[in-house]
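Fold and contact review
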Amino acid sequence: MCYNVYMNKNARLFLMVAVSSLASQISLNMFQSGFILAMSPLMMCVFLYLFKDLDSFKAICLMTFFSPLVRFLVELIKGGSFGNTFLYVFPDTGFFFGFALAYTYITNKLGYSPYHFFYIRIVICDFLGNCLEQTLRVMFSLTSYSLDSFATFAVIALIRGFIVILVCIATDAYMSLLEKREHEENYKRLVLMASTFESEVYSMRKNMNEIEDIMTNAFSLYQNLSDEAYPAELKNKALMIAKDIHEVKKGYRRVIQGLQDNFLSDFTDDSRLYISDLLKILSIDVDRSREEEGINLSFRSSFETNYSIQKHFAFMSIIRNFISNSIDALSLMPKSHHGEIFLRCRDMTKEGIKYCAIEIKDNGPGIPKDELEYIFVPGYSTKFDEDTGDINRGVGLTLAKDLIEDQFHGSIEVDSNPKGTLFTLWFPVDKLIENVNSYSNFGPSINSEDNVELYETVSRGDK
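What counts, and at which threshold
- Residues numbered from 1 in each chain as written.
- Predicted model: local features only at pLDDT ≥ 70, side-chain atom pairs only at ≥ 80, totals over all residues.
- Heavy atoms only, no water.
- Helix = DSSP H or I, 4+ residues; strand = E, 2+ residues; numbered from the N terminus.
- Buried < 20%, exposed > 50% of the residue type's maximum accessible area, 1.4 Å probe, protein only.
- Contact = heavy atoms within 4.5 Å.
- Salt bridge = Lys/Arg side-chain N within 4 Å of Asp/Glu carboxyl O.
- Axes fitted to C-alpha atoms, helices over the stretch in contact; angles between N-to-C directions.
- Left-handed = near helix turned anticlockwise from the far one by under 90°.
- Nonpolar A, V, L, I, M, F, W, Y, C, P; charged D, E, K, R; others polar.
- pLDDT = per-residue confidence, 0-100.
- Pairing = 2+ DSSP bridges.
- Core = buried A, V, L, I, M, F, W, Y, C linked by side-chain atoms within 4.5 Å.
- Expected span 1.5 Å × (residues − 1).
- Arc of directions from axis to C-beta.
- 1 Å grid on protein atoms, 1.4 Å probe; cavity = no way out; pocket = protein on both sides within 12 Å on 5 of 7 lines; lining within 4 Å.
- Points joined across faces, edges and corners; volume = space filled by probe spheres on them.
- Patch = residues over 30% accessible without salt bridge, like charges linked within 9 Å, V, L, I, M, F, W, Y side chains within 5 Å.
- Areas by Shrake-Rupley, 256 points an atom, 1.4 Å probe, with all protein chains shown as cover.

Observations regarding the environment of Gly 94
Structurally, Gly 94 is set in helix 5 (residues 92–110). With relative accessibility at 4%, the residue Gly 94 sits in the buried group. On a C-alpha basis, the gap between Gly 94 and Thr 135 in space is 8.2 Å, while along the polypeptide they are 41 residues apart. The contact partners of Gly 94, leaving out residues within four places of it in the chain, are Gly 129, Leu 132, Glu 133 and Leu 136.

This is the structure in structure tokens:
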């Protein structure tokens, strides 16, 4: 893994040299001769692992100059004399130069390698670098060779290499976690998009049947006009209408085929999602809608049973349309009103049939009793834009009703009053999934109250 997403090479090179050079001030004195165990080599090794595409020899050579320079300047500021400070710090260059030669040679021969080989490489380069530094100190008569020194260098190299590997492994694990979370978020958004497209495709297919009927009637009209003594212009117009409608139908078919081939085909019919997963995805949609509408809203959900659903796009589309209806209703309330939407999933039996009942309740203004019978009629909506004078031509509830009846053989009940609206969606379990299984059959049980708290937190945008 090469961490080069956000910075170019020069920026990463500067970061490596700057951080590693400053890390030279974090050190542990090992000998009275001035030999220290500094953090700068450790940080340098970590950056070499993270930024694999950098020129390692160039980077370490820069470290050979800047790390001792930082130490030199700091010692001068502390009051050290120029000559003594130079003799004290200059041998550090031996470590980095020796490390650069060894690391570059091994890398050119073996390339980059897994953790255990990288560890061996770091240990060897660290040991050789310390040996060259010690040689310079001997040349300046700052110390002398001893077997104990070389043994210490070996131990230092082993320990420092071990720390480097631990940091590298931890960094990889953290980055993998971030990537996994990003992939999960992207997948959630894709599921939302796919559920929208699925419902649109369903609606377009339904419209195609109506278009087919209109085209048939138009062509029948042309045939009837042909049998009578009507003007040729009238006959031709009837024929042109039939042809135009046929082109509209072909356009619909191309759009449907394009969506299926280029997008929906990536989500196979064999894929399944749990209700709990769909609710988590739904909470993202609620967050976005709340921000767009600018309303004070909290969304909570709980489930007593958790089924694995095969037709999850259709299921999600149905739930989203009812949630959207509740959000639209709450947007009509005063700004001071705290909107609440609660979704509950539970098993219920009605007329001897086992159902998965989804209850969606809001504390909006409710639906007038004289309008309840029209809410599933295409075009019905209570949302009126006072600024433009336009009314929202709703088809969401109509589409949801068609989907639940056609795809799941279910039904919908609605109860509304001035304090809010409750929709109950009845999904026959045998139509919802192929095999009836609760979540406890697949994994640990889930506490409903815990889920209420989870979704309430997510919907408010808390992280």
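Some details on the pattern of salt bridges
Going through the model one piece at a time under the given rule, you end up with eleven salt bridges. Glu 75 is the salt-bridge partner of Lys 78, the closest N and O atoms lying 4.0 Å from each other. On the basis of relative accessibility, which here comes to 23%, the residue Glu 75 falls in the partly exposed class. With its nearest N and O atoms 2.9 Å apart, the salt bridge here joins Glu 405 to Lys 401. In this pair, Glu 405 and Lys 401 both sit in helix 11 (residues 396–407), four residues apart, roughly one turn of the helix. The exposure class assigned to Glu 405 is partly exposed, which follows from its relative accessible area of 36%. The exposure class of Lys 401 is partly exposed, given its relative accessible area of 27%.

As for the packing of helix 5 against helix 6 (residues 115–139)
Across the interface, helix 5 lies against helix 6 with an axial gap of 7 Å and an inter-helix angle of 145 degrees. Handedness of the crossing formed by helix 5 with helix 6: right-handed. Of the residues that constitute the contact of helix 5 with helix 6, the class distribution is 13 nonpolar, six polar and five charged.

Details of the confidence of the model for the protein chain
Of all residues in the protein chain, 73% have pLDDT values of 70 or greater, and the mean over the chain is 76. Counting contacts from residues 384–394, a segment whose pLDDT is below 50, to residues more than four positions away or on other chains yields 17 contacts. In the model, residues 435–463 has pLDDT below 50 throughout and makes 48 contacts with residues more than four positions away in sequence or in other chains.

What to know about the sheet that holds strand 4 (residues 297–303)
The strand order across the open sheet built from five strands is 4-6-7-9-8, with neighbouring strands paired in mixed fashion. Each having just a single partner strand, strand 4 and strand 8 (411–417) make up the two edges of the open sheet. With strand direction ignored, the average angle separating the axes of adjacent strands in the sheet is 15 degrees. Note: strand 4 against strand 6 (residues 339–350), seven bridges, orientation parallel. Note that in strand 6 the partner of Leu 297 across the bridge is Gly 339. Seen against the sheet, helix 9 (residues 275–293) touches strand 4, strand 6 and strand 7 (353–362) and runs at an angle of roughly 175 degrees to strand 4. In this fold helix 10 (residues 312–330) packs onto strand 4, strand 6, strand 7, strand 8 and strand 9 (420–428), with an angle of close to 140 degrees to the strand it touches most, strand 6.

Concerning the pairing of strand 6
With ten bridges joining them, strand 6 and strand 7 adopt antiparallel strand pairing. Looking at the pairing, Leu 343 lines up with Ile 360 of strand 7. Hairpin connection between strand 6 and strand 7: a loop of two residues separates the two successive antiparallel strands, and Glu 351 in this loop has a positive phi of roughly 55 degrees.

Thoughts on the nonpolar core
Across soluble globular proteins, nonpolar side chains show a tendency to be buried alongside one another. If you look at the biggest cluster of nonpolar residues, it comprises 44 residues, and the most contacted ones within it are Phe 322, Ile 323, Ile 358, Leu 425 and Phe 427. Secondary structure elements with two or more residues in this core: helix 9, strand 4, helix 10, strand 6, strand 7, helix 11, strand 9 and helix 12 (429–432). For this core, the leading source of residues is helix 10, giving nine residues. Dropping the residues within four chain positions of it, Leu 425 is found in contact with Ile 318, Ile 319, Phe 322, Cys 356, Ala 357, Ile 358, Ile 360, Ile 404, Ser 411 and Ile 412. Residues Cys 45, Leu 54, Phe 95 and Ile 165 belong to the second largest nonpolar core, which totals 29 residues.

Notes on helix 1 (residues 9–22)
The terminal C-alpha atoms of helix 1, which comprises 14 residues, lie 20 Å apart, in line with the 20 Å expected from a rise of 1.5 Å per residue. Of the residues making up helix 1, those classed as buried are Arg 12, Leu 13, Met 16, Val 17, Ser 20 and Ser 21. Taken down its axis, helix 1 places every buried residue within 150 degrees of arc, on the same side. Of the exposed residues in helix 1, the ones pointing more than 90 degrees away from its buried face are Phe 14 and Leu 22.

Notes on empty space enclosed by the protein
On inspection of all chains with the given rule, the structure shows two cavities of 30 Å³ or more. Considering only enclosed or pocket space, the largest cavity measures out at about 120 Å³ in volume. In terms of lining, the largest cavity is formed by 13 residues, of which the most central are Ala 38, Ser 40, Pro 41, Asp 92 and Glu 133. If you list the elements that add at least two residues to the lining of the largest cavity, you get strand 2 (36–38), helix 2 (40–50), helix 3 (56–77), helix 5 and helix 6. Top contributing element to the lining of the largest cavity by residue count: helix 5, with three residues.

Concerning a nonpolar patch on the surface
Where nonpolar side chains cluster on the molecular surface, the patch consists of Val 155, Leu 158, Ile 159, Phe 162, Ile 163, Leu 166 and Val 167 and spans about 590 Å² of accessible area. Looking at the secondary structure, you find Leu 158 in helix 7 (residues 147–227). Look at Leu 158 and you get partly exposed, because its relative accessible area is 43%.

Structural notes on helix 2
Within helix 2, ten of the eleven residues are buried, leaving the element largely enclosed by the surrounding structure. Within helix 2 the residues assigned to the buried category are Ser 40, Pro 41, Leu 42, Met 44, Cys 45, Val 46, Phe 47, Leu 48, Tyr 49 and Leu 50.

Some points on the pairing of strand 8
Here seven bridges tie strand 8 to strand 9, and the two strands are oriented antiparallel to one another. Following the sheet pairing, Ile 412 is matched in strand 9 by Leu 425. Between strand 8 and strand 9, which pair antiparallel and follow one another directly, the connecting turn spans two residues.

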